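# Structural overview for review
In case you want the letters, here they are:
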Amino acid sequence: MKRKPNVLIIYTGGTIGMIKDPKSGQLKSFDFKHLYKHVPEINRLYVAITTISFEEPIDSSDMSPNGWIQMAQTVFDNYEKYDGFVILHGSDTMAFSASALSFMLQGLRKPIIFTGSQLPIGTIRTDGKENLITAIEIAADTSEDGQAIVQEVAVYFEYSLYRGNRSSKISANQFEAFASPNYAELAKAGVTIEYNYPKLFRTQLTELKFSGTLSNQVGLLKIFPGFSAQIYASLFDIKSTKAIVLETFGSGNAPGNFEFRNFIRAYIKEGGIVLNTTQCSSGSVNQGKYETSSFFSEVGVISGNDITTEAAITKLMYLLGTETNTDSISELLQMNLCGEITELERSVKK
Ligand code: ASP
């Protein structure tokens, strides 16, 4: 008989485990025991489950780099003991956490599956049960040679498995709350779980590397027609912001605003890093396709290609926390570290 797989569930909070405060009617985080009581089915899975909980389960709006470090450290410390990991997390910032962990834990050969729900587990129409049960099954799944099928950080929600650093929350009220518009789904759960084998990530590294240093000196600027660059002057201060993610129009375009361009030029000259991403939910940046984006290439703005905002921000937090040299950071930004971008021909050689 096949050995019973071991899965570690890390409970951080989120709607899945929340209960309604009888006085205010608001949803509040609650402990894992409550959640477990509502899903007795998980005891029938052929999986040995262990759980660890955040001391204070949180709404994921309160998630922070410290929370990411806590999750990544827990996986790292328990990596040899378990076949897979499930992280129960609020859906609001799940894509950020999944992206962050993909950079902080490189060289994975086991699955880390994030899941949560739109309705609390104690409600009749909850989506939490199916999400939790299937996430555990995926975390425990191995191929015939005994290797884990999924060997990366992924998000499981409403019958779909997405690469973590390609995913975004796309709906505040549909059960289908996530999508990964620039990357195919890793699996579809129907009667059986159908894996999209060619799309699964495989690391080139020989061992798991944990990086627990993250910088929060990263800014985000979403442009809009008529925006005043002056309002954002303090963002371009290299003393407080080491890197800026720009969310630009279409394939990476921005107005030829003189002041905006001057801010960017001066900021890069002082050693700042600017990464150009698109506001569109799918497609990629193509600097130089239009006159309105060629300025970016001229002054050294890096094309974010088809990266999500969540992955762009967390990749920069990780790179600024681990690298000191701006040129290496720029080079690594253009490289596909763990499946976060479709690597095109790059200006910088590997
Ligand atoms: N506010 C909740 C959270 O992110 C929403 C959810 O879990 O779906 O923690």
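Residues numbered from 1 in each chain as written. Predicted model: local features only at pLDDT ≥ 70, side-chain atom pairs only at ≥ 80, totals over all residues. Heavy atoms only, no water.

### Quick word on the overall build of the protein
- Along the backbone of the protein there are eight helices and 18 strands.
- Its C-alpha radius of gyration of 21 Å places the protein within 12% of the 20 Å reference for a compact globule of 350 residues.
- Overall, the protein is about 65 × 55 × 35 Å in size when its C-alpha atoms are taken along their principal axes.
- Classification of the 350 residues of the protein by burial places 54% in the buried group.
- If you take every contact in the protein between residues at least 6 apart in sequence, the share linking residues at least 24 apart comes to 72%.
- Accessible surface, the protein as shown: approximately 16,200 Å² in total, 50% of it carbon and sulfur. (Helix = DSSP H or I, 4+ residues; strand = E, 2+ residues; numbered from the N terminus. Rg over C-alpha atoms; globule rule 2.2 N^0.38 Å. Buried < 20%, exposed > 50% of the residue type's maximum accessible area, 1.4 Å probe, protein only. Contact = heavy atoms within 4.5 Å. Areas by Shrake-Rupley, 256 points an atom, 1.4 Å probe, with all protein chains shown as cover.)

### Here's the deal with the nonpolar core
- In this structure, Trp-68, Leu-101, Ile-112 and Phe-114 are the most contacted members of the largest nonpolar core, which totals 55 residues.
- Tallying contributions element by element places helix H7 (residues 309-322) first for this core, with eight residues.
- The residues touching Phe-114, leaving out its near neighbours within four places in the chain, are Met-71, Ile-87, His-89, Met-94, Ser-97, Ala-98, Leu-101, Val-153, Ala-154, Val-155 and Tyr-156.
- Formed by 32 residues, the second largest nonpolar core is a distinct cluster that contains Tyr-11, Phe-32, Leu-45 and Ile-193. (Core = buried A, V, L, I, M, F, W, Y, C linked by side-chain atoms within 4.5 Å.)

### Some thoughts on helix H8 (residues 326-334)
- Among all positions in H8, only Ile-329, Ser-330, Leu-332, Leu-333 and Gln-334 are buried.
- Among the structural elements, strand E17 (273-278), strand E18 (302-303) and H7 are those in contact with the buried residues of H8.
- The backbone nitrogen of Asp-327 lies 2.8 Å from a side-chain oxygen of the residue at the head of H8, namely Asn-325. (Polar contact = N/O pair within 3.5 Å; in protein donor to acceptor, adjacent residues only side chain to side chain.)

### Focus on the confidence of the model for the protein
- When pLDDT is averaged across the protein, the result is 95; 98% of the residues are at 70 or more.
- For residues 346-350, every residue scores under 50 in pLDDT, and the model assigns this stretch ten contacts once sequence neighbours within four places are set aside. (pLDDT = per-residue confidence, 0-100.)

### A short note on the site of the ligand
- Every residue near the ligand is listed here: Gly-14, Thr-15, Asp-59, Ser-60, Gly-90, Ser-91, Asp-92, Ser-117 and Gln-118.
- A distance of 2.5 Å is found between an oxygen atom of the ligand and a side-chain nitrogen or oxygen belonging to Ser-60.
- At 2.8 Å, a side-chain N or O of Asp-92 approaches a nitrogen atom of the ligand.
- Considering the ligand on its own, with 270 Å² of exposed area, one finds that the protein chains cover 90% of that surface.
- Of the residues in the shell around the ligand, the class split is no nonpolar, seven polar and two charged. (Near = heavy atom within 4 Å. Nonpolar A, V, L, I, M, F, W, Y, C, P; charged D, E, K, R; others polar.)

### Some words on the sheet that holds strand E8 (residues 153-157)
- Here we have eight strands laid out as an open sheet, ordered E4-E1-E5-E7-E8-E9-E12-E13, and mixed in their pairing. In this open sheet, the two edge strands, each paired with only one partner strand, are strand E4 (48-58) and strand E13 (193-195). Strand after strand, the sheet turns through a mean of 20° between neighbouring axes, direction not considered.
- On top of the sheet, helix H2 (residues 65-77) reaches strand E1 (6-13), E4, strand E5 (84-88) and strand E7 (112-115); it is set at about 170° to E1, its chief contact. (Pairing = 2+ DSSP bridges. Axes fitted to C-alpha atoms, helices over the stretch in contact; angles between N-to-C directions.)

### Brief notes about the pairing of E7
- The side-chain alternation of E7 yields two buried faces, one formed by Ile-112 and Phe-114 and the other by Ile-113 and Thr-115.
- In the sheet, E5 pairs with E7 via four bridges, with the strands oriented parallel. Bridge assignment links Phe-85 to a residue of E7, and that residue is Ile-112.
- In the sheet, E7 pairs with E8 via three bridges, with the strands oriented parallel. The partner of Ile-113 across the bridge, within E8, is Ala-154.

### Some details on the pattern of salt bridges
- Applying the stated criterion across every chain, the model contains ten salt bridges.
- A salt bridge links Glu-41 to Lys-129, with the nearest nitrogen and oxygen atoms 3.4 Å apart. Of this pair, Glu-41 sits in the loop between helix H1 (32-37) and E4 while Lys-129 sits in helix H4 (residues 128-140); the two residues are 88 residues apart in sequence, bridging distant segments of the chain.
- Two residues, Asp-306 and Arg-166, come together in a salt bridge whose shortest N-O distance is 3.2 Å. Taken together, the residues Asp-306 in the loop between E18 and H7 and Arg-166 in the loop between strand E9 (160-163) and strand E10 (168-169) connect sequence positions 140 residues apart. Here Asp-306 and Arg-166 have matching classes, each one buried. (Salt bridge = Lys/Arg side-chain N within 4 Å of Asp/Glu carboxyl O.)

### Observations regarding the packing of aromatic side chains
- Using the criterion set out here, one finds 14 aromatic pairs in the structure.
- Centre to centre, the rings of Tyr-82 and Phe-85 are 6.1 Å apart; their planes meet at 65°, and the pair counts as edge-to-face. One exposure class covers both Tyr-82 and Phe-85, and it is buried.
- Ring centres of Phe-227 and Phe-260 lie 5.0 Å apart, and the angle between their planes is 85°; on these two criteria the pair is classed as edge-to-face. Residue Phe-227 is found in the loop between strand E15 (218-222) and strand E16 (243-248), and its partner Phe-260 is found in helix H5 (residues 258-269); the two are separated by 33 residues along the sequence. Phe-260 carries the same exposure label as Phe-227, and that label is buried. (Phe/Tyr/Trp six-rings, centres within 6.5 Å; stacked < 30°, edge-to-face > 60°.)

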